[in-house]
Amino acid sequence: MDSNNDKTKFQTSEQFTKDLQSLFEPKQAVWPHVDRAVMHAAARRLRHRSRPRWKQYWPACAAAAAVIVAGVLFLNFNPPMETSAPLAMQEDINRDGTVDILDALKLAQQIQSSDSLNPQWDTNGDGIVNQKDVDTVAMAAVRMKEGVL
Amino acid sequence: MKKTALIMVCLLSMVSVPTARTESQKPSEPIRFVPLHIYIDSGQAPLAAYQFELKTLAGHVEIVGVEGGEHPAFTHAPYYDPAALMNNRIIIASYSTDAQLPTGLTRIATLHLQITGNIEPDYELELTVAADPGGRRIQAKITYQKGDVQ
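Rules used in this analysis
Residues numbered from 1 in each chain as written. Chains lettered and ligands numbered in written order. Predicted model: local features only at pLDDT ≥ 70, side-chain atom pairs only at ≥ 80, totals over all residues. Helix = DSSP H or I, 4+ residues; strand = E, 2+ residues; numbered from the N terminus. Buried ≥ 20, exposed ≤ 12 C-beta atoms within 10 Å, placed from the backbone. Contact = placed C-beta atoms within 7 Å. pLDDT = per-residue confidence, 0-100. Core = buried A, V, L, I, M, F, W, Y, C linked by C-beta atoms within 7 Å. Pairing = 2+ DSSP bridges. Axes fitted to C-alpha atoms, helices over the stretch in contact; angles between N-to-C directions.

**Q** Can you walk me through the overall build of chain B in this structure?
**A** For chain B, the count of helices and strands is 1 helix and 8 strands. Reading the helices (α) and strands (β) of chain B from amino to carboxyl end gives α-β-β-β-β-β-β-β-β. A buried classification covers 27% of the 150 residues belonging to chain B. Residue pairs at least 24 apart in sequence account for 79% of intrachain contacts in chain B once pairs closer than 6 positions are excluded.

Following this line, the structure appears as structure tokens:
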């Protein structure tokens, strides 16, 4: 079938062509500026939709991560509390400026001899000066103050 | 929300993995238990109190136990920081208010050590203080002797 045959095949009457045009032609033309505005709005809307959702929550994620990291660092690297100065002085029974086993020896001897007991020697704070205070002083003497190797 | 949760889990695992890391022990390394006897020679002076520090300078050593000495005045377990048991440094101290106190060379304590590996450990002893019943510091010498492997 050649092109000439096609032309002859679809030749119609003038009236029929007009009828077809009137049937399928747009009733009202869309103005170009309206068309551009619609297309622009559609494109903007689609661009907004295509934005990854996690980007919307990025500030919240960053804040949560910062809080978690800070918490873990605090729990892992918080240095142990140093013995307070007043407590250290309280354990220095013989007042030589250091807490060692000699303080425990002196306190034990004082308790054993039932001499007048200084209330300040109540190193564990239970209201009584007894062997438990000696143990507290001795344990302070052997505590690894500089951290273990 | 799923992505947010996933990010949180990733961050948590990144942070927690290094802190949870522990030193793994090679299974092939031999382990032996050795007692280390500590002696103090206080000469003519009666020994009423002592305090010393032990460090291990070589080898992988853990202190697994501490027991008292040979003289009746020091048979009780000395004071030490339990936190130091898993490490290679420890301070040990004891006192006695008994009337009979040791003089001369006496074993004051025995430490039980767990040694991992074939390296023979070396030790450093420092006598912090030794005192007579009056609480006066006395001249004394501290030494150690390795016991038999158990």
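**Q** Hey, could you run me through the overall build of chain A in this one?
**A** If you tally the helices and strands in chain A, you get 8 helices and 0 strands. Along the chain direction, N to C, the helices and strands of chain A fall in the order α-α-α-α-α-α-α-α. A total of 149 residues make up chain A; the buried ones form 15% of that total.

**Q** Got a minute to help me understand the confidence of the model for chain B in this structure?
**A** The predicted coordinates ought not to be read in detail in places where the model reports low pLDDT. A residue-level look at chain B finds 81% of positions with pLDDT of 70 or above and a mean pLDDT of 85. ipTM for the predicted complex: 0.78, alongside a pTM of 0.61.

**Q** What am I meant to see in the nonpolar core here?
**A** A general trend in soluble globular proteins is that nonpolar side chains are found buried together. Grouped together as the largest cluster of nonpolar side chains are 45 residues, with contacts concentrated most on I101, A104 and A141 of chain A together with I92 of chain B. Apart from the residues lying within four places of it in its own chain, the contact partners of I101 of chain A are A138 and A141 of chain A together with A49, Y50, Q51, A93, S94, Y95 and V129 of chain B.

**Q** What's the story with the sheet that holds strand β7 (residues 122-131) of chain B in this structure? I'm lost.
**A** Two pairing modes exist for strands in a sheet, parallel and antiparallel, and in both the strands are linked by backbone hydrogen bonds. Residue and element names in this part refer to chain B. A sheet is described by the order of its strands in space; here 4 strands give the open sequence β4-β5-β2-β7, paired in antiparallel fashion. Each edge of the sheet is formed by a strand with only one pairing partner; in this case those strands are β4 (79-80) and β7. Of the pairings in the sheet, the one linking strand β2 (residues 49-58) to strand β5 (residues 89-95) comprises 7 bridges and is antiparallel in character. Residue pairing in the sheet places F52 in a bridge with I92 of β5.

**Q** What should I look at first to understand the sheet that holds strand β8 (residues 141-146) of chain B in this one?
**A** Residues and elements named next belong to chain B. Strand order across the open sheet formed by 4 strands is β3-β6-β1-β8, with antiparallel pairing between neighbours. Every interior strand has two partners, whereas the edge strands, β3 (60-67) and β8, have only one. With direction set aside, neighbouring strand axes in the sheet form an average angle of 30 degrees. Bridge count for strand β1 (residues 31-41) against β8 is 6 bridges, and the pairing is antiparallel. Following the sheet pairing, L36 is matched in β8 by K146.

**Q** Is there a simple way to think about the confidence of the model for chain A in this case?
**A** All names here are of chain A. Residues at a pLDDT of 70 or more form 76% of chain A, whose mean pLDDT is 79. Per-residue pLDDT, averaged within each element of chain A, yields its smallest value for helix α1 (residues 3-9) (54) and its largest for helix α8 (residues 131-142) (94). The low-confidence segment residues 80-85 (pLDDT under 50) makes 1 contact with residues lying over four places distant or belonging to another chain.

**Q** Would you mind going over unusual backbone geometry with me for this structure?
**A** Note on backbone geometry: most residues besides glycine have negative phi, and most peptide bonds are trans. Residue and element names in this part refer to chain A. The backbone phi angle of R95 is positive, close to 55 degrees, even though this residue is not glycine. Residue position: R95 is located in the loop between α6 (85-91) and α7 (101-113). Accessibility expressed as a C-beta count within 10 Å gives 9 for R95, which makes it exposed.

**Q** Where do I start with the pairing of β1 of chain B in this structure?
**A** When a strand is regular, its side chains alternate between the sheet's two faces. Bridge analysis of β1 of chain B against strand β6 (residues 105-116) of chain B gives 11 bridges, and the strand direction is antiparallel. By the bridge assignment for β6 of chain B, H37 of chain B is matched with T110 of chain B.

**Q** Looking at this model, I keep getting lost on the pairing of β6 of chain B. Mind explaining?
**A** In this structure, β3 of chain B lies alongside β6 of chain B, joined through 7 bridges in antiparallel fashion. In the strand pairing of β6 of chain B, H60 of chain B is matched with T116 of chain B.

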